[in-house]
Amino acid sequence: MLARPEEGVRCGAGSRITGKEEGGTPDSGSSRRNAMKRTLMLVSVLVVVLLGAGVASAADLVIYAALDKKTIEEIAQAFKQATGLSAEIALQIEQAGTVASRIKTEAATPRADIFIGGNSSIHDGLAQEGFLQKYVSPEVAKAGIDKKYMDPNGYWSGWYLGALAILVNEKRFQAEIAPKGIKLPSTWDDLLNPAYKGEVIAANPATTGGAVIFMATQIFRLGSVDKGFQYIAELNKNVSQYTPGANGSIPLVAQGQAIVGIAWGHDLIRQKRAENLPVAVIFPKDDGYEIGAVSIIKGAPHLSAAQKFVDFMLTPTPEEINAKNGLRYPVRKGVKLPEGMPAFESIQFVNYNQAEVNKNLEAWKKRWAEVTGR
Amino acid sequence: VRRLLREPLLLVALGGIGVLLGCFVVYPILRVLWYPSLRDFWTFPANARYVAATLHTLLIMVLSTTSATLVGFLFAYSFTRTSIPAKGILRTVALLPLFSPPFMIAFSYLLMFGRNGLVSYSLLGTRYDIIGWHGLWLSETIAFFPIALLVMEGVLQSIAPSVEYAARNLGAGGWQVFRTVVFPLARPGVAGAALLVAIYVLADFGNPIMIAGSFTVLPTEAWARISGWGDVTGAAVLSSILLIPAFGLFLLQRYWVARRQYVTVTGKVTALAIPRTAWYVKWPLFGACVFTCLLILCVFVGLFAGAFSRGWGFDYTPTLRHWRDVLANGQALVHSLSFAGLAATASAALSVLTAYLVSRKSFPGRGALDFFSILPAAVPGVVFGIGYSLAFTSPPLDLYGTAAIVILSMIFWNIPMGYQTGIGQLKQIAPSLGEAAANLGAGSLRTFWDIELPLLRSSLLAAFVVSFIRAVTTLSVIVFLVTSTNVVATFTILNLANDGYRGAAAALTTALLVLSGAVLAVSRLLFGRRMELFRI
């Protein structure tokens, strides 16, 4: 495949000129024409392949999803069964910000109807900038879903809850930490142990909403902003790096780059199962949680189908699919919980005040940067 | 201008290129620059994170460019002007990093040289932490020296051995020949290579996202603004800042390189073997090449290990189960290869033609054409993607969800590679050849077709190959353009990794690597043995 350098070197510069002179003989002239013919053939084959791609779909609903592939595909199937409407998953990537950015850059001619996945703060941001369409589903009242999981302004509907978790690389913990007589961490304060110096990976609130929830959890748990940041400063002494994404610590801790990490419990358990990760998962006392949201995009081409989809997302079927695949908690009561997932009530949650977070978000992010220097 | 009017074809070509570059390079970038308000730019210096990212970017640019150009020169010199053994194998390995899609390769570095790395811990027993600026320096050097190698190899090769003989006959020693003859002749190539590498380092995203830890650079910061907060405005501001050093580099290159031009392909046939190199030069060079190649192999072994083992980084039981996911994503692979194939063909043709016009013709706006052909390389992929998404997903030009939008972005994002290659080589070809033809009555087109094009053929092929590989491996551009109908493999790889299927991601990366290698091999068969891949 690769050219042998020697030939070229021996020929040196001059032989290219000779090559040109050869170009005048009939033989190599025809070879050049042949090469052109082949190029043309190749290009036309490629064009045929391309015509197959990019044909606009005639689906009844277009979804942009910040969820794992399996979950959203099963939800779309169940939606078709329940309503007869076909849904196209035009974009699926587990990065809510990337999906939100697409909605912003495509706002001149909106294509998607539904933005599903990602926590409520991302949907809030989109709503404030005018990219979402108001819709309050009648299903909320009908099923008696707690209002605190819904947008007070009516732009997004919460349909799952996810909790933060601590993950520990079991092998390295047993080899390096356990001999010092230290047990697996069970509270946030356990992470302050100097034994973990340089062995903790957390996320950065400047770049991900998950880390904001972690930061706010410390503030609410300890009762004051100052105490919260005192904790963060203490923890900073043990942190080797802050990843840009909320789940950035999962591959790094699994691989042994650090001993302890903080990530979303539901993603963690799912990945642990899929890839058999050698990590222990702990939901600490005074845990923080996110509200996973679904919303309708302003200018949605299929508005009534989109409203039906939001209604559908609050019924038991998709909540079960989601709880099973994504291991996220349903907002509705009476939905079957998957195995290996502690009951939502069994986790002790901190008293999380979203309004307070929204109000102080920029100030806290700034203070976090000052305290940690990152 | 009057001369232009006498050559309507030239005018049409220039007009066409101008319109294309205007539409598909300048316009999308302007859309990104317009997106934030002036106030957003004004608050930039007050944001400590942004300032830190800017400083980090400049620092790593200097470090990585220097080392990558140096390593690239070392290889290029060894391959073209010494008689070290095993050139073929060394060259193949040295060019492997060109194939590596972002972030999976960087993850492989962690696997080999991280805290718990196979080499650093299992073999050497240290808890060395590669994450940080030093790891980034290493991985960028490895990632970008092949670009420098390709550019400089072409230039060094065109330096006829006769000049070296002449210097030796006049009594110059090996070092003196290098310092006073070979290096000055190679200088435009070195400068061009350094410029290109610097620009790639500036816009690099795949390496720092995985390996830089808290050492943020502008492209990763822009990416984080997008992926974490959906903050298109912040990303646009950050990348606008990135255009400033890119512009600076451009001026520097023009000042330094354009000062002197040397011509070595003059139309006089020379067929001399390269002079012998002293053993104390040859063997250290050989050693350095081998060492670098071992490092590269290490990283790729890490990738293959991921594709064939149960748990990447913790459970090395062999398995084939990740390959089921590869088969399930066959469509994405087909898209990747066909889109990239088309894009690279167009990109190579367009960029080499532009290079020819810029270096051989004089016309108003020549400097601008030159600048806009280099510009895309300085724009981080994510911004190019945002620009395309803003510009081409609504009327007048609505390409949403089509293959065209992906292919166009690949064509124009890769123009600089072919362009720089073409320029570097044209500098070495005496204009007198073309002038002679012109004196004999050949028109511009005839001269181009019969004289310059055959000389440029290797440039064209090299441009095709490099554009193809870059198009196949690009992630940050296409993440803003794909939908379920035009999805490509790198997007699927990112998705698999995000979803926690890192084994499958490694397997798909491997498949992509092998298939693009196969495509290059097949096109070599198609175009006959005279298509020398990777030869500039």
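Up top is the structure.
Residues numbered from 1 in each chain as written. Chains lettered and ligands numbered in written order. Predicted model: local features only at pLDDT ≥ 70, side-chain atom pairs only at ≥ 80, totals over all residues. Heavy atoms only, no water.

A. Representation of the overall build of chain B. Counting secondary structure elements, chain B contains 24 helices and 4 strands. Its C-alpha atoms give chain B a radius of gyration of 23 Å, within 12% of the compact-globule value 24 Å for 536 residues. Oriented by its inertia axes, the alpha-carbon framework of chain B measures out at about 65 × 60 × 50 Å. A burial count over chain B gives 63% of its 536 residues as buried. Taking the contacts inside chain B whose residues are at least 6 apart along the sequence as the reference set, 80% of them involve residues at least 24 apart. When the accessible surface of chain B is split by element, carbon and sulfur atoms take 70% of a total near 19300 Å². Put simply, chain B has 36 plus and 18 minus side-chain charges, and the middle of one group is 10 Å from the middle of the other. (Helix = DSSP H or I, 4+ residues; strand = E, 2+ residues; numbered from the N terminus. Rg over C-alpha atoms; globule rule 2.2 N^0.38 Å. Buried < 20%, exposed > 50% of the residue type's maximum accessible area, 1.4 Å probe, protein only. Contact = heavy atoms within 4.5 Å. Areas by Shrake-Rupley, 256 points an atom, 1.4 Å probe, with all protein chains shown as cover. Lys, Arg positive; Asp, Glu negative; His and termini not counted. Charge placed at Lys NZ, Arg CZ, Asp CG, Glu CD.)

B. Region of the structure containing unusual backbone geometry. Not every positive phi belongs to a glycine, and asparagine 276 of chain A is a case in point at roughly 55°. Here asparagine 276 of chain A lies in the loop between helix H12 (265–275) and strand S9 (279–282). What makes asparagine 276 of chain A exposed here is its relative accessible area of 55%. The phi torsion at alanine 86 of chain B lies on the positive side, around 55°, for a residue other than glycine. Tracing the chain through its elements places alanine 86 of chain B in the loop between helix H4 (48–81) and helix H5 (87–95).

C. Layout of the nonpolar core. Judged by nonpolar contacts, the single largest core of 206 residues is most densely connected at Phe115 of chain A together with Phe75, Ile386, Tyr388 and Phe412 of chain B. Among the elements that line this core, the one with the most residues is helix H10 (residues 174–203) of chain B, at 16 residues. Ignoring sequence-local partners within four residues, the contact set of tyrosine 388 of chain B consists of Phe24, Pro28, Thr393, Ile405, Leu408, Ser409, Phe412 and Leu481 of chain B. Counting residues in hydrophobic clusters, the runner-up holds 94 residues, among them Ile114, Tyr149, Ile213 and Trp364 of chain A. (Core = buried A, V, L, I, M, F, W, Y, C linked by side-chain atoms within 4.5 Å.)

D. Spatial organisation of helix H22 (residues 444–473) of chain B. Residue and element names in this part refer to chain B. With 30 residues, H22 should reach 44 Å at 1.5 Å per residue; the first-to-last C-alpha distance of 37 Å falls well below that figure. Its axis deflected by about 55° at leucine 453, H22 carries its strongest bend there, up to four residues before the proline proline 454. Most of H22 sits inside the fold, with 22 of its 30 residues counted as buried. (Expected span 1.5 Å × (residues − 1). Bend = angle between axes of the 7 residues up to and from the residue.)

E. Broad picture of the pairing of strand S5 (residues 156–169) of chain A. All names here are of chain A. Of all 14 residues in S5, 14 are buried; the element is thus mostly enclosed. Bridge count for S5 against strand S10 (residues 289–297) is 7 bridges, and the pairing is antiparallel. Residue pairing across strands places tyrosine 160 opposite glycine 292, the latter belonging to S10. The sheet contact formed by S5 and S9 spans 4 bridges and is antiparallel. Directly across from leucine 167, in S9, lies its bridge partner valine 281. (Pairing = 2+ DSSP bridges.)

F. Inspection of the packing of aromatic side chains at higher detail. Following the criterion strictly, the structure yields 33 aromatic pairs over all chains and no others. Three or more aromatic residues joined by ring pairs make a cluster, and in this case those are Phe24, Tyr27, Phe384, Tyr388, Phe392 and Phe412 of chain B. Above the face of the tyrosine 231 of chain A ring, arginine 221 of chain A is positioned so that its terminal group lies 4.9 Å from the ring centre. One Lys or Arg, arginine 328 of chain A, reaches over the ring of tyrosine 160 of chain A and ends 5.1 Å from the middle of that ring. (Phe/Tyr/Trp six-rings, centres within 6.5 Å; stacked < 30°, edge-to-face > 60°. Lys NZ or Arg CZ within 6 Å of the ring centre and 35° of its normal.)

G. Here's a closer look at the pattern of salt bridges. All names here are of chain A. Considering all chains together, one arrives at 23 salt bridges over all chains under this definition. Taking the shortest distance from any N to any O, the salt bridge between arginine 328 and glutamate 94 comes out at 3.4 Å. Residue arginine 328 is located in the loop between helix H14 (316–325) and strand S11 (329–330), and its partner glutamate 94 is located in the loop between strand S2 (87–92) and helix H5 (96–105); the two are separated by 234 residues in the primary sequence. This pair shows no difference in class: arginine 328 is buried, exactly as glutamate 94 is. Note that glutamate 139 is salt-bridged to lysine 142, the shortest N-O span being 3.6 Å. On the criterion of helical spacing, the pair formed by glutamate 139 and lysine 142 is a turn pair, its members being 3 residues apart in helix H7 (residues 138–143). The class of glutamate 139 is buried, set by a relative accessible area of 11%. When its relative accessible area of 67% is taken as the criterion, lysine 142 is described as exposed. Residues joined in a network through salt bridges with shared partners are Asp68, Glu94, Asp267, Arg270 and Arg328. (Salt bridge = Lys/Arg side-chain N within 4 Å of Asp/Glu carboxyl O.)

H. Expanded view of the environment of arginine 310 of chain B. Tracing the sequence through the fold places arginine 310 of chain B in strand S1 (residues 309–311). Looking at arginine 310 of chain B, the relative accessible area reads 37%, which means it is partly exposed. For the pair arginine 310 of chain B and arginine 502 of chain B, spaced 192 residues apart in the sequence, the C-alpha separation amounts to 10.0 Å. Contact partners of arginine 310 of chain B, with chain neighbours within four places excluded, come to Glu275 of chain A together with Asp315, Thr317, Thr319, Arg321 and His322 of chain B.

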